[in-house]
Amino acid sequence: MSAHAVIEAPTSCAVLPVVGSDTLVPLVDGRSVPYANLDVAASAPALQVVADRVNEVLPLYASVHRGAGYLSQVSTALYEAARQTIGAFVGAREDDVTIVTRNTTDSLNLLAGCVPAQADGTPGRVLVLDVEHHANLLPWQRTGGATVLVGGATVAETLSGLRAELSRFPYALVAITGASNVTGESLPLAEVVAAAHDAGARVLLDGAQLVPHRGVSLAASDVDYVAFSGHKTYAPFGAGALVGRRDWLDAGTPYLAGGGAVRNVTLEGTTWQSAPARHEAGSPNVIGAVALASACDALAALEPGVLVAHETELRARLVEGLEEIDGVRVVRAWADAVDPVGVVTFSVDGHDAGLVASYLSAEHGIGVRDGRFCAHPLLARLGFPAGAVRASIGVGTTGEEIERLLSALRAYVGDGATARYEVVDGCWVVSDDPRPLLQVAGLSGLFATAAVGNITAAVGCGPAPA
């Protein structure tokens, strides 16, 4: 049992209505229950206002930029207005550029092509930590200028190591997560920015988890760039954003070569646009941009502190409840981290994470994440090379869903699973799964996460190879 003070079961209701909150899912015992979506850190459901906004503008959708037709002009206005809203949501400075991308990964790969080279022509140095999601690690490694700093056991130790490394070489950029997608923890942003700027480096913030949960202001924090995703910001319509200082983006290699990114093309050469058009070749995702802007507006309209209080209460109850269950361990990156967002990863001693997640789904209608969460180095360093289970909280999460998860885990540890499970193509599934399919066009069968063709191994977010 935990020695922590007992926290009462939260009575929290959803902060904002989300699409699908009343969706019923079948269980292996024949019952149907409301789906408890505790996997919002991977992809958050759409806010109802976002879905309504998409339905409103779909009849107005037409070609954008250079279209003379009335609806083309309307779509262009909607797209550019969305760009302004998205930039304002993250506190863009007057000369900052807002580039509409597909997601955080897209944004970080784009910026990786814009970091200036060193005087001798070698790639500009980029400093990252081993706590990063692969999206904020692999692009920098691929450019050849990355140094990966192993985090310390505490925030203080990690900051000390960061400052020491920045004194060794002239770094162009420090790329850091705003909140870990594994633990929800973060380093104090002001101290990271100060250390980087004192050393002459810029700061890129991976805001995939921070922006939807805490928000960020470039102007207030002096962060140079922030990247985030619509699908984690309650706008799963295929858009994300990179927002930050213009000079690198104006001079960097155009992200895609194609129409819209150019001023003039001849058979001898091309004159490229400045940012943001320079990096938005092809027809842009107008609906995705409008959806993301709508989500930004909805989150910005919340009373100050409401979302933080909601997530803090639910996360505290979840962590407390997990620590009261024998054999359950909560994963932490730093012993002294404060104010984590609503992401909690845990393991159940002696039980495969994939089996636990499959059980929670099949017998309780709870959606969680299992595996290594595209953060292999961190999970390995923390002692969970085979992966763990992650539950994540958002604006639509309720206190009842947290209690359902805790009750389900107590039942699992105490009595075991009721159904029989087996491993198929590396994933845990219910043997002879009796659950009927929901009546959705095109849905012909259920399968475990990426089980078909053993895609889990290819994607690299499952357990480490034997």
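Residues numbered from 1 in each chain as written. Predicted model: local features only at pLDDT ≥ 70, side-chain atom pairs only at ≥ 80, totals over all residues. Heavy atoms only, no water.

Participant: Describe the sheet that holds strand β14 (residues 343–348), and please don't skip the residues or the numbers.
Facilitator: Taken in spatial order, the four strands of this open sheet run β13-β14-β17-β16, and their pairing is antiparallel. The sheet is open, and its two edges are formed by β13 (328–330) and β16 (369–371), each paired on a single side. Put simply, the sheet's adjacent strands are angled 30° from each other on average, direction ignored. This element, helix α11 (residues 306–323), spans β13, β14 and β17 (388–392) of the sheet and lies at about 10° to β14. (Pairing = 2+ DSSP bridges. Helix = DSSP H or I, 4+ residues; strand = E, 2+ residues; numbered from the N terminus. Axes fitted to C-alpha atoms, helices over the stretch in contact; angles between N-to-C directions. Contact = heavy atoms within 4.5 Å.)

Participant: Kindly report on the pattern of salt bridges, identifying the contributing residues and their values.
Facilitator: This structure, assessed with the given rule, holds 23 salt bridges. A salt bridge links Arg31 to Asp29; the nearest nitrogen and oxygen atoms lie 2.8 Å apart. What makes Arg31 partly exposed here is its relative accessible area of 45%. Its relative accessible area of 49% is what places Asp29 among the partly exposed residues. With its nearest N and O atoms 3.1 Å apart, the salt bridge here joins Arg163 to Glu191. Placement of the pair is Arg163 in helix α5 (residues 155–166) and Glu191 in helix α6 (residues 189–198), with a sequence separation of 28 residues. Members of the salt-bridge network, linked through shared partners, are Asp39, Arg369 and Arg390. (Salt bridge = Lys/Arg side-chain N within 4 Å of Asp/Glu carboxyl O. Buried < 20%, exposed > 50% of the residue type's maximum accessible area, 1.4 Å probe, protein only.)

Participant: Any chance you could break down α5 for me, citing the residues and the numbers?
Facilitator: For α5, with twelve residues, the first-to-last C-alpha span of 16 Å sits near the 16 Å given by 1.5 Å per residue. Taken together, the buried positions of α5 are occupied by Val155, Thr158, Leu159, Leu162, Glu165 and Leu166. For α5, the arc enclosing every buried residue in end-on projection is 125°, short of the 170-degree limit, so these residues lie on one face. Against β5 (126–129), β6 (146–149), β7 (173–177) and α6 lie the buried residues of α5. (Expected span 1.5 Å × (residues − 1). Arc of directions from axis to C-beta.)

Participant: I'd love a proper account of a nonpolar patch on the surface, names of residues and values included.
Facilitator: Judged by side-chain polarity, Leu60, Tyr70 and Leu71 come together as a nonpolar surface patch covering roughly 300 Å² of accessible area. Note on placement: Leu60 falls in the loop between α1 (48–57) and α2 (70–89). Of the residues examined, Leu60 reaches a relative accessible area of 32% and is grouped as partly exposed. (Patch = residues over 30% accessible without salt bridge, like charges linked within 9 Å, V, L, I, M, F, W, Y side chains within 5 Å. Areas by Shrake-Rupley, 256 points an atom, 1.4 Å probe, with all protein chains shown as cover.)

Participant: Can you lay out the packing of aromatic side chains for me, pointing to particular residues and giving the numbers?
Facilitator: Tallied over the full model, the rule gives three aromatic pairs. A centroid spacing of 6.4 Å and a plane angle of 85° characterise the contact between Phe169 and Tyr171, whose relative ring orientation is edge-to-face. You can call Phe169 partly exposed: its relative accessible area is 29%. Centroid distance Tyr225 to Trp248: 5.7 Å. Interplanar angle 25°. Geometry classified as stacked. Taken together, the residues Tyr225 in strand β9 (residues 225–229) and Trp248 in helix α9 (residues 246–251) connect sequence positions 23 residues apart. Each member of the pair, Tyr225 as well as Trp248, carries the same accessibility label: buried. We note Arg125 situated over the ring of Phe169; from NZ or CZ to the ring centre the distance is 4.1 Å. (Phe/Tyr/Trp six-rings, centres within 6.5 Å; stacked < 30°, edge-to-face > 60°. Lys NZ or Arg CZ within 6 Å of the ring centre and 35° of its normal.)

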